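# Overview (structure and organization)
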Amino acid sequence: MIESTVLTVTGMKCGGCESNVTGKLNAIDGVISVKAVFKDETVSVEYDTEKTTLDTIKDTITGAGFLVK
């Protein structure tokens, strides 16, 4: 099943932070699309729930040094 979510992510300060988050999330099997916007503190993710979970996505963002609210 395909799910979409928008997460509030703090700590992104620039386009490089957006690229970091986007790259790490795109590396997860099951992630279909990612859009990170540091100015809005949002990360939009579309993913296949049969291949990955929201917890995995959140843990990946946290592991990259950002806070998911």
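Quick summary incoming for the structure in this document. Source: prediction; values computed, not measured.

## Digging into the sheet that holds strand E4 (residues 67-68)
Across the sheet, which stays open at both edges, the four strands sit in the order E2-E3-E1-E4 with antiparallel pairing between neighbours. Here the strands that pair on one side only, and so sit at the sheet edges, are strand E2 (31-37) and E4. In terms of strand pairing, E2 meets strand E3 (residues 42-48) through six bridges, oriented antiparallel. Directly across from lysine 35, in E3, lies its bridge partner serine 44. Those strands touched by helix H1 (residues 15-26) are E2 and E3, and its axis lies near 170 degrees from that of E2. Here helix H2 (residues 54-63) sits on the sheet in contact with strand E1 (2-10), E2, E3 and E4, set at roughly 30 degrees to E1.

## Description of the environment of valine 68
On the secondary structure map, valine 68 appears in strand E4. Residue class for valine 68 comes out buried when judged on its relative accessible area of 19%.

## Considerations on H1
With 12 residues, H1 ought to run about 16 Å at 1.5 Å a step, and its terminal C-alpha atoms sit 16 Å apart, in line with that. Within the sequence span of H1, burial applies to Cys17, Glu18, Val21, Thr22 and Leu25. An end-on view of H1 places all buried positions within 130 degrees of arc, on one side of the element. Contacts made by the buried residues of H1 are with E2, E3 and H2.

## Thoughts on the nonpolar core
One finds Val9, Met12, Leu25, Val43, Ile57, Ile61 and Phe66 to be the most contacted residues of the largest nonpolar core, which totals 18 residues. If you list the elements that add at least two residues to this core, you get E1, H1, E2, E3 and H2.

Cut-offs applied
Residues numbered from 1 in each chain as written. Predicted model: local features only at pLDDT ≥ 70, side-chain atom pairs only at ≥ 80, totals over all residues. Heavy atoms only, no water. Pairing = 2+ DSSP bridges. Helix = DSSP H or I, 4+ residues; strand = E, 2+ residues; numbered from the N terminus. Contact = heavy atoms within 4.5 Å. Axes fitted to C-alpha atoms, helices over the stretch in contact; angles between N-to-C directions. Buried < 20%, exposed > 50% of the residue type's maximum accessible area, 1.4 Å probe, protein only. Expected span 1.5 Å × (residues − 1). Arc of directions from axis to C-beta. Core = buried A, V, L, I, M, F, W, Y, C linked by side-chain atoms within 4.5 Å.

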